[in-house]
Amino acid sequence: MNLKSVIIDLDGTLLNDKRKVGDNDFKTLQNLGKQNVERIIATGRSLFSTNEVLASDFPIDYLIFAAGAGIMNYKTKKIIKSHFITKNDVITIAKRLDKLKIDFQVRANIPNSHKYFFKRFSETNPDFDRINLIYKSYIKELNDFKKLENSARFICIAQDNKIVKQIENEFKEFSIIRATSPIDNRSVWMEIYPKGVNKGTAVKFLVNKLNLDLSDTIAVGNDYNDIHFLDCSGISFVVNNAPGNLKEKYNITVSNNDNPLTTIINSFK
């Protein structure tokens, strides 16, 4: 294989259960850079949240964040592309979610999408409460829809899968991305983005900008929000801790605790 780029998810994939990058995978990323292979992280995290787990000199070339809503040149720290939901649509979505009594966050525009308004309806939602606690300095309860502005995304959080079809059916005019909570690794996150936004379209844009070919890429993920970039890449893998239906569809490598990137790269030698 004429490898030109590697695309890898963060939580549950490159990051182990301690939210650290394995020593061997770190060295592999350094070696790939020496071989002029483009190293791309594709994460659902906000830029703020990504900076909490990756050093500013972490050995990658590009960062796709907020599940494709933003793309950054990681060396220069310049955001080269971003998307947002317009204010009018933000208000419309918020009112519809309010009517449905779904717990949701309205994330601020990039690069400040760690800041958000929220509404909480359910009797119990520990995952939602934990996130609010983590970001308590940056959040406000939503009491007036007129305060809403352009938004990077909505995040709706529930403890079971009932929310999946509910959000997909209600917001067909937007991009809907499902993810498993990176906080408790169980709760269901349904995220609402501008039409066409996902990790796959971001990867296609970036690979085209770099004059590369998708057939020369290796992609590694672990969750539902990785499907779009796994489907468009040359060779795709999921880690062994991925959901069963994803392991049925893609090549399987070791778990996120066992340096999966290194294992994959070594298998091509």
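Residues numbered from 1 in each chain as written. Predicted model: local features only at pLDDT ≥ 70, side-chain atom pairs only at ≥ 80, totals over all residues. Heavy atoms only, no water.

Please explain the overall build of the protein as it appears in this structure.
Across its full length, the protein holds 10 helices and 14 strands. What you see for the protein is a C-alpha radius of gyration of 18 Å, in line with the 18 Å of a compact globule of 269 residues. Overall, the protein is about 55 × 35 × 35 Å in size when its C-alpha atoms are taken along their principal axes. The buried share of the protein, taken over its 269 residues, is 53%. Counting only contacts in the protein whose residues sit at least 6 apart along the sequence, the fraction spanning at least 24 positions is 57%. Carbon and sulfur atoms provide 45% of the accessible area of the protein, an area that totals close to 12,500 Å². Side-chain charges in the protein split into 39 positive and 31 negative, and the spacing between the mean points of these groups amounts to 4 Å. (Helix = DSSP H or I, 4+ residues; strand = E, 2+ residues; numbered from the N terminus. Rg over C-alpha atoms; globule rule 2.2 N^0.38 Å. Buried < 20%, exposed > 50% of the residue type's maximum accessible area, 1.4 Å probe, protein only. Contact = heavy atoms within 4.5 Å. Areas by Shrake-Rupley, 256 points an atom, 1.4 Å probe, with all protein chains shown as cover. Lys, Arg positive; Asp, Glu negative; His and termini not counted. Charge placed at Lys NZ, Arg CZ, Asp CG, Glu CD.)

I would appreciate a short explanation of the environment of Lys247 in the present structure.
Along the polypeptide, Lys247 turns up in helix H9 (residues 244-247). Classification of Lys247 as partly exposed rests on a relative accessible area of 26%. Linking Lys247 and Asn222, residues 25 residues apart in sequence, is a C-alpha distance of 8.9 Å. Residues within four places of Lys247 in sequence aside, it is in contact with Val238, Val239, Asn240, Ala242 and Ile252. Only 3.0 Å separates the side chain of Lys247 from the backbone oxygen of Asn240, close enough to count as a polar contact. (Polar contact = N/O pair within 3.5 Å; in protein donor to acceptor, adjacent residues only side chain to side chain.)

Even after reading the chapter, I still don't get the packing of aromatic side chains, so can you show me in this structure?
Any pair of aromatic rings gets described here by the distance separating the centres and the angle formed by the planes. Per the counting criterion, the structure on display carries seven aromatic pairs. For the ring pair Phe48 and Tyr138, a centre distance of 5.2 Å and an interplane angle of 65° mean the geometry is edge-to-face. You can see Phe48 sitting in helix H3 (residues 47-53) and its partner Tyr138 sitting in the loop between helix H5 (126-134) and strand E8 (139-141), a full 90 residues away along the chain. Given the relative accessible area of 25%, Phe48 is considered partly exposed. The structure contains a cluster of three or more aromatic residues connected by ring pairs, namely Phe48, Tyr116, Tyr135 and Tyr138. The ring of Tyr224 is capped by Arg178, whose NZ or CZ atom sits 4.2 Å from the centre of that ring. (Phe/Tyr/Trp six-rings, centres within 6.5 Å; stacked < 30°, edge-to-face > 60°. Lys NZ or Arg CZ within 6 Å of the ring centre and 35° of its normal.)

Would you mind going over the pairing of strand E13 (residues 235-238) with me for this structure?
Here is the key point about a regular strand: its side chains alternate between the two faces of the sheet. In terms of strand pairing, strand E12 (residues 217-221) meets E13 through four bridges, oriented parallel. The partner of Gly221 across the bridge, within E13, is Val238. Judged from the two bridges that link them, E13 and strand E14 (residues 251-252) form a sheet pairing that is parallel. Counted as the bridge partner of Phe237 is Asn251 from E14. (Pairing = 2+ DSSP bridges.)

What am I meant to see in helix H6 (residues 162-170) here?
Residues spaced three or four apart along an α-helix point in a common direction, a consequence of the helix completing one turn every 3.6 residues. Taken together, the buried positions of H6 are Ile163, Val164 and Ile167. What you see down the axis of H6 is that its buried residues fit within an arc of 110°, all on one side. Opposite the packed face of H6, turned more than 90 degrees from it, sit the exposed residues Lys162, Lys165 and Asn169. Of the surrounding elements, those touching the buried residues of H6 are helix H4 (87-100), strand E9 (151-158), strand E10 (175-180) and strand E11 (188-193). (Arc of directions from axis to C-beta.)

How should the pairing of E11 be read in this particular structure?
Within E11, six of the six residues are buried, which leaves the element mostly enclosed by the surrounding structure. A two-sided burial pattern is seen for E11, the buried positions comprising Val188, Met190 and Ile192 on one face and Trp189, Glu191 and Tyr193 on the other.

Sorry, what's going on with unusual backbone geometry here?
Glycine aside, residues mostly have negative phi angles, and peptide bonds mostly take the trans form. Cis geometry is adopted by the peptide bond preceding Pro111, which originates at Ile110 and carries an omega value of 15°. Here Pro111 lies in the loop between strand E6 (104-108) and strand E7 (116-119). Non-glycine residue Asn36 carries a positive phi angle of around 60°. Considering the arrangement of structural elements, one finds Asn36 in the loop between helix H2 (23-34) and strand E2 (38-42). Using a relative accessible area of 66% as the deciding quantity, one classes Asn36 as exposed. Located in the positive-phi region is Ala66, a residue other than glycine, with phi close to 50°. By the element assignment, Ala66 lies in the loop between strand E3 (62-65) and strand E4 (70-73). Relative accessible area serves as the criterion here: at 0%, Ala66 is assigned to the buried category.

Any chance you could explain the side chain of Asp61 here in plain terms?
With respect to the helices and strands, the residue Asp61 is situated in the loop between H3 and E3. At 2.8 Å, the side chain of Asp61 and the backbone nitrogen of Arg39 are in polar contact. In contact with Asp61, not counting residues within four places along its chain, are Val37, Glu38, Arg39, Met72, Asn73, Tyr74 and Lys75.

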